[in-house]
Amino acid sequence: MARFKSSAWGLAVAIALVALVLPLMLPSYALATECLIFAMAALGCNLLLGRLGLLSFGQAIFFGAGAYCVGILSLRFGTGIVAGLLAATAVSALLAVAIGWLATQRTGVYLIMLTLALSQMFFFLCYAAPDVTGGDNGLMNIPRPNLAFGGHELLSLASPFAFYVFVATICTVAFYLMARLIASPFGATLEAIRDNEDRAVAIGYDTRLYKVIAFVAAGAVTGLAGGLYALALKFVPLANVDLAMSERIIVMTILGGTNALFGSMLGSIAVVVLSYVLSDIWARWQIILGALLVAVALYLRGGLASLLDKAVARANEGARP
Amino acid sequence: MSVNLLLTQIVNGLGIGMIYFMIAIGLSIIFGIMHFINIAHGAFYLVGAYLCYALVSATGNFWLALALAPLAVGVVAWLAEPGVRRLYDLPASLQILATLGLALVIQEAVILIFDPLGKNVAAPAGLRGAAFFGSFVYPKYRLFVIVFTAAVAAVLWFLLERTRYGAVLRAGTESMQTVELLGIDISRIFSLTFAVGAALTALSGVLAAPIRGVEPFMGVEALSIAFVIVVIGGIGSFTGALAGGLLIGVVQSVMTTFWAAGANIMIYVAMALIILVRPHGLLGRA
Amino acid sequence: MTHSLPATQGPPLAVSGIEKRFDGFQALKGVSFTIEDRGVYAFIGPNGAGKTTLFNCIAGRIRPSAGEVRVAGRDITRLPSHRRVHAGLARSFQITNLFASLSVHENVRLAVQAHSPRRVVNMWRGRDTLTDVGARTDTLLARLMLTDKQAIPAGLLSHGEQRRLEIAMALAGDPRVLLLDEPTSGMGIDDIDIMTGLIAEFGKSMAVVLIEHNVRLVMKISRSITVLHRGAILRSGLPEAIAADPQVRAAYLGAAA
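Parameters and conventions
- Residues numbered from 1 in each chain as written.
- Chains lettered and ligands numbered in written order.
- Predicted model: local features only at pLDDT ≥ 70, side-chain atom pairs only at ≥ 80, totals over all residues.
- Heavy atoms only, no water.
- Helix = DSSP H or I, 4+ residues; strand = E, 2+ residues; numbered from the N terminus.
- Rg over C-alpha atoms; globule rule 2.2 N^0.38 Å.
- Contact = heavy atoms within 4.5 Å.
- Areas by Shrake-Rupley, 256 points an atom, 1.4 Å probe, with all protein chains shown as cover.
- Buried < 20%, exposed > 50% of the residue type's maximum accessible area, 1.4 Å probe, protein only.
- Phe/Tyr/Trp six-rings, centres within 6.5 Å; stacked < 30°, edge-to-face > 60°.
- Lys NZ or Arg CZ within 6 Å of the ring centre and 35° of its normal.
- Buried area = accessible area lost by both parts, 1.4 Å probe.
- Salt bridge = Lys/Arg side-chain N within 4 Å of Asp/Glu carboxyl O.
- Polar contact = N/O pair within 3.5 Å; in protein donor to acceptor, adjacent residues only side chain to side chain.
- Axes fitted to C-alpha atoms, helices over the stretch in contact; angles between N-to-C directions.
- Parallel < 35°, antiparallel > 145°, perpendicular 65-115°, else oblique.
- Left-handed = near helix turned anticlockwise from the far one by under 90°.
- Nonpolar A, V, L, I, M, F, W, Y, C, P; charged D, E, K, R; others polar.
- Pairing = 2+ DSSP bridges.
- Lys, Arg positive; Asp, Glu negative; His and termini not counted.

A. View of the overall build of chain A. A count of helical and extended segments in chain A gives 14 helices and two strands. Rg of the C-alpha trace for chain A: 19 Å, near the compact-globule value of 20 Å for 321 residues, within the 12% margin. Considered along the principal axes of its C-alpha atoms, chain A spans approximately 55 × 50 × 45 Å. By sequence separation, contacts in chain A at least 24 residues apart represent 77% of the contacts at least 6 residues apart. Of the roughly 12,400 Å² of accessible surface on chain A, 67% is carried by carbon and sulfur atoms.

B. Focus on the environment of Gly183 of chain B. Residues and elements named next belong to chain B. Tracing the backbone shows Gly183 in the loop between helix H7 (176–181) and helix H8 (186–212). A residue is classified by how much of its surface remains accessible, and Gly183, at 65% relative accessible area, is exposed. Along the backbone, Gly183 and Thr173 are 10 residues apart, and their C-alpha atoms lie at a distance of 16 Å.

C. Molecular detail of the packing of aromatic side chains. Applying the stated criterion across every chain, the model contains 27 aromatic pairs over all chains. Note on Tyr29 of chain A and Tyr164 of chain A: the rings are 5.6 Å apart at their centroids and 45 degrees apart in plane angle, and the pair reads as tilted. Here Tyr29 of chain A, found in helix H2 (residues 29–52), pairs with Tyr164 of chain A, found in helix H7 (residues 160–183); they are 135 residues apart in sequence, far enough to count as distant. The rings of Phe62, Trp63, Tyr141, Phe144 and Phe148 of chain B are connected pair by pair, giving a single aromatic cluster. The ring of Phe163 of chain A has Arg144 of chain A sitting right over it, with the charged end atom 4.0 Å from the ring centre. The aromatic ring of Phe38 of chain A is capped on one face by Arg248 of chain A, whose charged end is 4.5 Å from the ring centroid.

D. Up close: the interface of chain A and chain C. With 30 residues of chain A in contact, the opposing surface of chain C contributes 31 residues. Across the chain A to chain C interface the summed buried area is about 2,600 Å²; carbon plus sulfur atoms make up 60%. Taken as a group, Pro185, Arg199 and Ile203 of chain A account for 25% of the area that chain A buries against chain C, more than any other trio of residues on that side. One can count two salt bridges joining chain A with chain C. Of the charged contacts in the structure, one is a salt bridge between Glu166 of chain C and Arg199 of chain A, with a shortest N-O distance of 3.3 Å. Summed over the shared surface of chain A and chain C, the result is 12 residue pairs in polar contact (both at pLDDT 80 or more).

E. Representation of the packing of helix H4 (residues 81–103) of chain A against helix H5 (residues 108–127) of chain A. Residues and elements named next belong to chain A. Across the interface, H4 lies against H5 with an axial gap of 9 Å and an inter-helix angle of 140 degrees. What the angle tells us is that H4 and H5 run oblique. Two packed elements cross with a definite hand, and for H4 against H5 that hand is right-handed. Judged by residue contacts, Leu95, Ile99, Leu102 and Ala103 of H4 engage Leu111, Leu114, Thr115, Leu118 and Phe122 from H5. In terms of residue class, the contact of H4 with H5 is made up of eight nonpolar, one polar and no charged.

F. Structural context of the sheet that holds strand E2 (residues 25–35) of chain C. All names here are of chain C. Overall, antiparallel pairing links the four strands, which are arranged E2-E1-E4-E5 in an open sheet. Looking along the sheet, the strands with just one partner apiece sit at the ends: E2 and strand E5 (74–75). In the sheet, strand E1 (residues 13–22) pairs with strand E4 (residues 66–71) via five bridges, with the strands oriented antiparallel. What sits directly across from Leu13, in E4, is Val71.

G. The pattern of salt bridges, seen in detail. Following the criterion strictly, the structure yields 18 salt bridges over all chains and no others. Of the charged contacts, one joins Arg61 of chain C and Asp198 of chain A as a salt bridge, the two residues approaching to 3.7 Å between their closest N and O atoms. Within this pair, whereas Arg61 of chain C is found in the loop between helix H1 (51–59) and E4, its partner Asp198 of chain A is found in helix H9 (residues 197–202), the two belonging to separate chains. Judged by its relative accessible area of 46%, Asp198 of chain A falls in the partly exposed class. Two residues, Arg109 of chain C and Glu106 of chain C, come together in a salt bridge whose shortest N-O distance is 3.0 Å. Placement of both Arg109 of chain C and Glu106 of chain C in helix H3 (residues 104–113) is noted, with a separation of three residues, approximately one turn of the helix. For the pair Arg109 of chain C and Glu106 of chain C, one class covers both residues: buried.

H. Molecular detail of the pairing of strand E3 (residues 39–44) of chain C. Residue and element names in this part refer to chain C. A large share of E3 lies buried, amounting to six of its six residues. Burial of the side chains of E3 extends over both faces: Gly39, Tyr41 and Phe43 are buried on one face and Val40, Ala42 and Ile44 on the other. Here five bridges tie E3 to strand E8 (residues 207–211), and the two strands are oriented parallel to one another. Across the sheet, residue Ala42 finds its bridge partner in E8, namely Leu210. Pairing analysis gives four bridges linking E3 to strand E9 (residues 224–229), with the strands arranged parallel.

I. Structural context of the environment of Leu55 of chain A. If you trace the backbone, Leu55 of chain A turns up in the loop between H2 and helix H3 (59–76). The class of Leu55 of chain A is buried, set by a relative accessible area of 4%. As for Leu55 of chain A and Leu85 of chain A, which are separated by 30 residues in sequence, their C-alpha atoms are 26 Å apart. Setting aside residues no more than four positions away along its own chain, Leu55 of chain A makes contact with Leu49, Leu111, Ile112, Thr115 and Ile250 of chain A together with Ser93 and Ile96 of chain B.

J. Structural context of the sheet that holds E3 of chain C. All names here are of chain C. Taken in spatial order, the six strands line up as E6-E7-E8-E3-E9-E10 in an open sheet, and their pairing is mixed. Both outer strands of the open sheet, strand E6 (89–91) and strand E10 (232–237), are each paired with one neighbouring strand and no more. On average, adjacent strands in this sheet sit at an angle of 20 degrees to one another, irrespective of strand direction.

K. Representation of unusual backbone geometry. Non-glycine residue Asn141 of chain A carries a positive phi angle of around 55 degrees. Mapped onto the fold, Asn141 of chain A is located in the loop between helix H6 (130–133) and strand E1 (147–149).

L. Quick look at the side chain of Asp181 of chain C. Residue and element names in this part refer to chain C. Tracing the backbone through its elements, the reader meets Asp181 in strand E7 (residues 177–181). The buried charged residue Asp181 lacks any salt bridge, with Arg91 as its nearest oppositely charged partner at 6.0 Å. Apart from the residues within four sequence positions on either side, Asp181 is in contact with Phe55, Ser92, Gln94, Arg163 and Ile211.

M. The interface of chain B and chain A, seen in detail. On the side of chain A, 37 residues touch chain B, which itself brings 36 residues to the contact. In this assembly, chain B packs against chain A so that about 3,500 Å² is buried in total across both faces, 81% of it on carbon and sulfur atoms. For chain B, the biggest contributors to the area lost against chain A are Leu97, Glu108 and Leu276 of chain B; these three give 17% of the whole. The interface formed by chain B and chain A contains one salt bridge. Taking the shortest distance from any N to any O, the salt bridge between Glu108 of chain B and Arg284 of chain A comes out at 2.6 Å. Where chain B meets chain A, there are seven residue pairs in polar contact (both at pLDDT 80 or more).

N. Structural context of the environment of Ser93 of chain B. Take Ser93 of chain B: it is sitting in helix H4 (residues 92–113). C-alpha of Ser93 of chain B to C-alpha of Ile37 of chain B: the two residues are 56 residues apart in sequence and 9.3 Å apart in space. Those residues in contact with Ser93 of chain B that lie beyond four places of it in its chain are Leu49, Leu55 and Ile254 of chain A.

The structure is reproduced here in structure tokens:
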């Protein structure tokens, strides 16, 4: 019991430390904020891929839905920030019930293809509904409300620093909750399904229900990330729901590694920082990113997190005389 | 919509559909045989189209491009296949990661060599302008594409259904192990299949270039459509890919005149429905 | 810690009029029997008699064309596999089917957890903190003599040990009926003896339905033997009576000839 709690707390502490150090290493709070937001998006994908072995090309649905939800509520109805983000989480979770229920009708490549089809469908729906989503132009000039409770303003989120602290807090809590989830009996069952679904059914688990619930958890955290992204950019581009966004989230997840949740943080930082640094130096920087992805697939299957594991192991060995 | 306009859109759709078919059949066979999810498949199409642009700009001879570009891409794919083979045994997620990376490298290299802007490619001299059939007027080049791709499809059909190589491929889609037990050198089959799939896709890029021009992101778009067709037609199915390609081409072309986004929504709804109701595709083997 | 059986009426297992047709071939032609009490009930018969089809119809792997299966009075004929387990029907697989990469302990713990009423909703506690699940897991591991091996990945166990682990998992929910499909197939002599003893032991607390080729084992521990022949029940009775029955002999010899 103590160990289980400490592992979730340990992850929360690690995430908080990263959040503390990140702004010192990066040139702006905006960039650090983006790292944390995409870490949360990758966290959802990590749950599905790492715990269940399900690869979803539909993560942009949840990310985009969360962003549109906050954008529309904030722009049209002047909804507060907490209510807006809660709504984004809830809407994405509801969408995830539908997407998860449909996608888990099939397994393997057919599941991947289903998520791809649903994702493209959602993209063209958003594209075809400019009254709601702004279509190709997206939603512009989204106000970022201050943190308020019962009409009392608690904290202004206007400054990049204040907003970063707000995002860092949410991100830490999200990683903590996800760690609790995968360490729970529910998480154990997900691993059993990944290992041998047939057997999990035979000992009495309704495995599809578990998969759908995992989709809901993944959708919720990804939708929350999308909502925060809308507030960070003060803009919701159509690109939030396109296939490239799903691919970006998948790349961050696999690059970071799916054996540990912390990998999602590493994957997000790697992609966000790499694109920032390299795009300044060379417009065709994506050649380097592409080559890196090939190298990771071939030579570093556990992702960046496994590199960290090895480094820690070596340090421990070195410490011992 | 006038009858002539509708007819034009349908015939347009047939031409585009045949191009889609040639992209999808390569993807379908490669997936059926190697169980390899190749996100970089769209890059063959992209490279084929750009080779066409380069050769036509340099020599002014489209026919040279039509012959050389697929050959060049096929040879490169044949040489590269033993290297790509390392990916076949990886889990789907890592195959996707690696081929996504490859696709990115190729796309960016194309931008590096050319530039990010779209370019037009002129149709060959003899095929410029329109043909007249009474009141129905239609661009000659597009007619050529339909006739030419139909001929390619016929050759391909013969290759797949009437030759030993085709028989091996069909058996391999069921079970590669059986093929291996028959004492057939699988690695040669893999290389050849990969090369043929790549060359066909490059050929479709060459043919598409004078119709739609070339731009660096055309590969991604083609890939997405190719996946739809493979799913609708059934993995490894020749007739399925042909029917799927034509269906998508015509639906897209006709719908575009009223509601372009609606066409795309319909296509992906159809894809999802088919996976849910008939996972082996409309014409796939159950 | 008690694991009370679900409050039910009716015999542990009642099968009535089960028929199964495959593309014109009638594999089962109306099989009916009732198991009224605990004990080991063996089903034997020549190859092609329909034993495995009957087993699969009861276990839920295939749907019968006609007929009804009741466990403790409840009709489970159309119940999906995962809910049959909760109705009190457990099974082991003929081909070993385990969570190969998870530890032996975790295999059993997952099976026990499946019967914990808090299994889905529990997203907050640690997986090892359900003390009743832990205690039950330890009991089962001890009962199947796997305590020493509990930390090893299940895929690394010997064949005999894997079969025992299968049964430990099947027993997790304290079933009314335990279906065993050739539990000793592929086993060495020592393992067969251990398994025979265990099956006899299970028969004291539940109804065990056993499909088995090993006639000597069946004669030793069965309370009743049912002989299937060409998709129907030929004879059913005490082991000695079955052994002496001329029609049974004829069926086996006829099939062999």
